[in-house]
Amino acid sequence: MPLALQNISLKHLGTEIQNTMYNIRGNRQAQGTGHGPPGEDPLLSVEPWRTEQPLPSDPGTPGKDPADSPKSTPKSSLTANLIQKAKRQNSTFPFFAEGFTWTRTAQEKVLALEQQVLMLTKELKSQKELVRILHKALEAAQQEKRASSAYLAAAEDKDRLELVRHKVRQIAELGRRVEALEQERESLLQTAGLQEQQVQELRRHVQLLMDKNQAKQQVICKLSEKVTQDFTHPPIQPPGPPGAANRDFLSQQEKMEHLKDDMEAYRTQNRFLNSEIHQVTKIWRRVAEKERALLMKCAYLQAKNCQVESKYLAGLRRLQEALGGEATECSELLKQLIQEALQWEAGEASADGVELSPISEYDEYGFLTVPNYEMEDLKLLAKIQALEVHSHHLLAHEAVERPLRERWAALGDLAPSVELKQLLRAGVPREHRPRVWRWLIHLRVQHLRSPGRYQELLNRGQVREHPATRQIELDLNRTFPNNKHFTCPTSSFPDKLRRVLLAFSWQNPTIGYCQGLNRLAAIALLVLEEEESAFWCLVAIVETIMPADYYSKTLMSSQVDQRVLQDLLLEKLPRLMAHLGQHHVDLSFITFNWFLVVFADSLISNILLRVWDAFLYEGTKVVFRYALAIFKYNEEAILRLQDGLEIYQYLRFFTKTICNSQKLMNIAFNDMNPFPMKQLQQLRMAHRERLQAELHELEQLKAEYLETRNSQGPAVPEGCTSEDEGEGDA
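Nothing here was measured: the structure is a model prediction, and the numbers come from that model.

J.: Requested: an account of the overall build of the protein chain, with residues and values cited.
T.: Of regular secondary structure, the protein chain possesses 25 helices and zero strands. Of all 730 residues assigned to the protein chain, the portion counted as buried reaches 39%. In the protein chain, the proportion of contacts linking residues at least 24 apart, taken out of those at least 6 apart, comes to 76%. Carbon and sulfur atoms provide 54% of the accessible area of the protein chain, an area that totals close to 42400 Å².

J.: Could you give an account of the pattern of salt bridges, with specific residues and numbers?
T.: As a working rule, side chains carrying opposite charge can pair if their charged atoms are close by. Evaluation of the coordinates by the stated rule reveals 21 salt bridges. Among the salt bridges present, the one from Arg 267 reaches Glu 264, with a minimum N-O distance of 2.8 Å. You can see Arg 267 and its partner Glu 264 sitting in helix α5 (residues 242–323), three residues apart, about one turn around the helix. Judged by its relative accessible area of 34%, Glu 264 is partly exposed. Among the charged side chains, a salt-bridge network with shared partners connects Arg 453, Glu 456 and Arg 460.

J.: Could you give me a rundown of the packing of aromatic side chains, with the residues and numbers involved?
T.: Inspection of the entire model under this criterion finds 16 aromatic pairs. Taking 5.2 Å as the distance between ring centres and 45° as the angle between the ring planes, the aromatic pair formed by Tyr 454 and Phe 535 counts as tilted. Highlighted residues: Tyr 454 in helix α10 (residues 453–463) and Phe 535 in helix α15 (residues 531–545), separated in sequence by 81 residues. In terms of burial, Tyr 454 and Phe 535 fall into one category: buried. For the pair Phe 631 and Phe 654, a centre-to-centre distance of 5.9 Å together with 35° between the ring planes defines the contact as tilted. Placement of Phe 631 in helix α20 (residues 621–633) and of Phe 654 in the loop between α22 (644–653) and α23 (661–671) is noted, with a sequence separation of 23 residues between them. One exposure class covers both Phe 631 and Phe 654, and it is buried. Grouping aromatic residues by their ring pairs yields a cluster made of Trp 594, Phe 599, Phe 631, Tyr 650, Phe 653 and Phe 654. The ring of Tyr 365 carries Arg 430 above its face, with NZ or CZ at 5.3 Å from the centroid. Seen from the ring of Tyr 633, Lys 663 lies directly overhead, with NZ or CZ sitting 4.6 Å from the centre.

J.: For the nonpolar core, give the residues involved together with the corresponding values.
T.: Core analysis: the biggest nonpolar cluster contains 115 residues, and Leu 517, Ile 541, Tyr 551, Phe 599 and Phe 631 have the highest contact counts within it. Summarising the domain contributions, this core has at least three residues from each of domain 2 (430–545) and domain 3 (549–604 + 616–705). Among all residues touching Leu 517, those that are not within four sequence positions of it are Leu 501, Phe 504, Ile 511, Leu 538, Val 542 and Tyr 551.

J.: Summarise the side chain of Lys 621; cite the residues concerned and give the values.
T.: Within the secondary structure, Lys 621 sits in helix α20. Within the buried core, Lys 621 has no salt-bridge partner, and the shortest N-O distance to an opposite charge, that of Glu 618, equals 6.0 Å. For Lys 621, the side chain forms a polar contact with the main-chain oxygen of Phe 675, separated by 2.8 Å. Sequence-distant contacts of Lys 621, defined by excluding residues within four places in its chain, comprise Phe 675, Pro 676, Met 677 and Leu 680.

J.: Could you give an account of unusual backbone geometry, naming the residues involved and the relevant values?
T.: A cis amide bond, omega 0°, links Asn 673 with the succeeding residue Pro 674. Topologically, Pro 674 is positioned in the loop between α23 and α24 (677–712). One non-glycine residue, Leu 555, adopts positive backbone phi at about 50°. Mapped onto the elements, Leu 555 comes out in the loop between α15 and α16 (556–572). Residues other than glycine seldom take positive phi values, yet Val 598 does so here, at roughly 55°. Within the element layout of this structure, Val 598 appears in the loop between α18 (588–597) and α19 (605–618).

J.: Quick rundown of α15? Include the residues and the values.
T.: End to end, α15 covers 20 Å across 15 residues, agreeing with the expected 21 Å (1.5 Å per residue, within 8%). All buried positions along α15 are accounted for by Glu 531, Ser 533, Ala 534, Phe 535, Trp 536, Cys 537, Leu 538, Val 539, Ala 540, Ile 541, Val 542 and Ile 545. In the core, the buried residues of α15 are packed alongside α9 (433–445), α10, α13 (493–507), α14 (517–528) and α19.

J.: Can you explain the packing of α9 against α15? Please cite residues and give values.
T.: Helices that pack against each other are described as a pair by the angle of their axes relative to one another and the distance between those axes. Remark: α9 packs on α15, axes separated minimally by 9 Å, with the N-to-C direction vectors making an angle of 50°. Between α9 and α15, the crossing angle belongs to the class labelled oblique. Note that α9 runs across α15; the crossing there is left-handed. Facing α9, whose interface residues are Arg 438, Ile 441, Arg 444 and Val 445, α15 presents Ser 533, Trp 536, Cys 537, Val 539, Ala 540, Thr 544 and Ile 545. In the contact of α9 with α15, the residues fall into seven nonpolar, two polar and two charged.

J.: Break down a nonpolar patch on the surface for me, citing the residues and quoting the values.
T.: On the surface, Leu 695, Leu 698 and Leu 701 cluster together into a nonpolar patch covering about 260 Å² of accessible area. When you line up the elements, Leu 701 lands in helix α24. Residue classification places Leu 701 among the partly exposed residues on the basis of a relative accessible area of 47%.

Rules used throughout
Residues numbered from 1 in each chain as written. Predicted model: local features only at pLDDT ≥ 70, side-chain atom pairs only at ≥ 80, totals over all residues. Heavy atoms only, no water. Helix = DSSP H or I, 4+ residues; strand = E, 2+ residues; numbered from the N terminus. Buried < 20%, exposed > 50% of the residue type's maximum accessible area, 1.4 Å probe, protein only. Contact = heavy atoms within 4.5 Å. Areas by Shrake-Rupley, 256 points an atom, 1.4 Å probe, with all protein chains shown as cover. Salt bridge = Lys/Arg side-chain N within 4 Å of Asp/Glu carboxyl O. Phe/Tyr/Trp six-rings, centres within 6.5 Å; stacked < 30°, edge-to-face > 60°. Lys NZ or Arg CZ within 6 Å of the ring centre and 35° of its normal. Core = buried A, V, L, I, M, F, W, Y, C linked by side-chain atoms within 4.5 Å. Domains from an automatic or database assignment. Lys, Arg positive; Asp, Glu negative; His and termini not counted. Polar contact = N/O pair within 3.5 Å; in protein donor to acceptor, adjacent residues only side chain to side chain. Expected span 1.5 Å × (residues − 1). Axes fitted to C-alpha atoms, helices over the stretch in contact; angles between N-to-C directions. Parallel < 35°, antiparallel > 145°, perpendicular 65-115°, else oblique. Left-handed = near helix turned anticlockwise from the far one by under 90°. Nonpolar A, V, L, I, M, F, W, Y, C, P; charged D, E, K, R; others polar. Patch = residues over 30% accessible without salt bridge, like charges linked within 9 Å, V, L, I, M, F, W, Y side chains within 5 Å.

Below, the structure written as structure tokens:
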């Protein structure tokens, strides 16, 4: 809205004009005349609109105003007549304002009811569409089941080949459907662009109307001010002949009539402009709502397109597994289809400026969206995973992400509370994450932090080399090979990571450096970007969040946590643990690294950083919750595997297949309850005592062995020559 109309309400525009004119005339009358009692203006003393006449009386007939003050001084009948006509003329303003307000209120109620009916109709349509999609999915699953049964029941290779050809035809049909959906999406984008152009034209039209209305209002105010000034300060003319005074009076009266006609015309025009602005505003709102609906529909179609592509790739993968290594015409065609499906398009340009979050090669923190697996079948699985992640993101954006961003934007200053705890569990939006992490780190290390400490540690490292420098250099090149910030030769992140790790090795000499600290510091650098903030984040994790000696040479606390996790899995997921025990699967080979680097190598970045949001606030309890939730999320898939080696192969990459962050979060913080911290501490204490007893027993056995060995002396078996004898002979 222009600057001139910021203080004028379009809803009560007539009332605004009326009040403006009343104020101007009231001020002029109060300054120029002293008629009437204090607080009463003859020009403003009007009766209610129900009792007044809509038109002024004849100018030639003097009128009496019942609202006139009894203390008014005698004046000529001509001046009284002019004042009375002005009062009656102004009395039309209240009628116009109240009637216009009543009409506007009724129209707004009708508009609200229409919008509510429209929303309910849309919701009903969406529910019907969902039922139809579910029916289609059920039919597709039944057809796939019948096809698989027919394939397994076929007695000859010829019948099986015919079934495979039928599947290939179905795949071609799915491809055509994907192309049709893509064309429909492009047409919707074009429609959205046209709607945007129409909205821009309507905005320009509204701007022109508002500018015109502003000019009319200024003219009305000037004319009203001039009329009021003429009433209050009539011009003093020198005495002249009676005929000249009559002529001046008639000319002034004629000018007054013209001004009244102009004011009436302007008033009518303002009513028309107000109605026009109201109608244009309604059209603008409808177009904006339609545009939002089209964008939501485009996002939904894009998500469905990703799901169709995912099903298409899954069908190719199943056909590949069914055909095996047979060299047939169908296998060659299937291989060609898989190669085409694995061709990666780095980005998709959105038409007409409509942003729909296309899939890109890297995510917002530099991680590959499609993991770079070496095996061909795993590459196909990685592409399927990327499509599912993008589909979940599009479907959850409107329902989950936008309300969460609004809650974070309205949070204000950070302070420990239940609300903050719930928000951190739901995840911090990217634009708020650096600020929130710095605040969480400050809570942890404020008793350890001192100004200039980081630079002091760096200077100490320049004076002499730390013993852990060589190991740090070896691990730098192994840090996140799937992240462009640590693989690009021109990136500054490896140098920052080197300085952070060297500073920490001087900060905590008892640990120095342990493998895994490089990934913790790398995650902190990707989010915070500042070296010093990443350094204090590493200090907070190692020295305040994790238990003591978690990263020591013996990894005592890390081993204790693995035993605690086994007990919790037996309690929360007994069926899964019985299945793994039957096939002699030791989960510590998989989960040990989870706890050591807080899932840095296991989960996709979107889920990983949500885990860290809650971990930095609540501590290691979050790591246990998410470890249990990951196994619960994939429990059914693991139970279907009936071979120990196959289970180990699946556990190697199964965390990367988790796409639904909302579902995983609900499992971790709802399905795993109750999860008291007291129970966790008791389990840790019990297992620590057992582990220390085992280590003490091992130390005793080692000491007895060394004592026995030393008591026997360096005996040389018969037929062997000692080293000393060999040197003497030489």
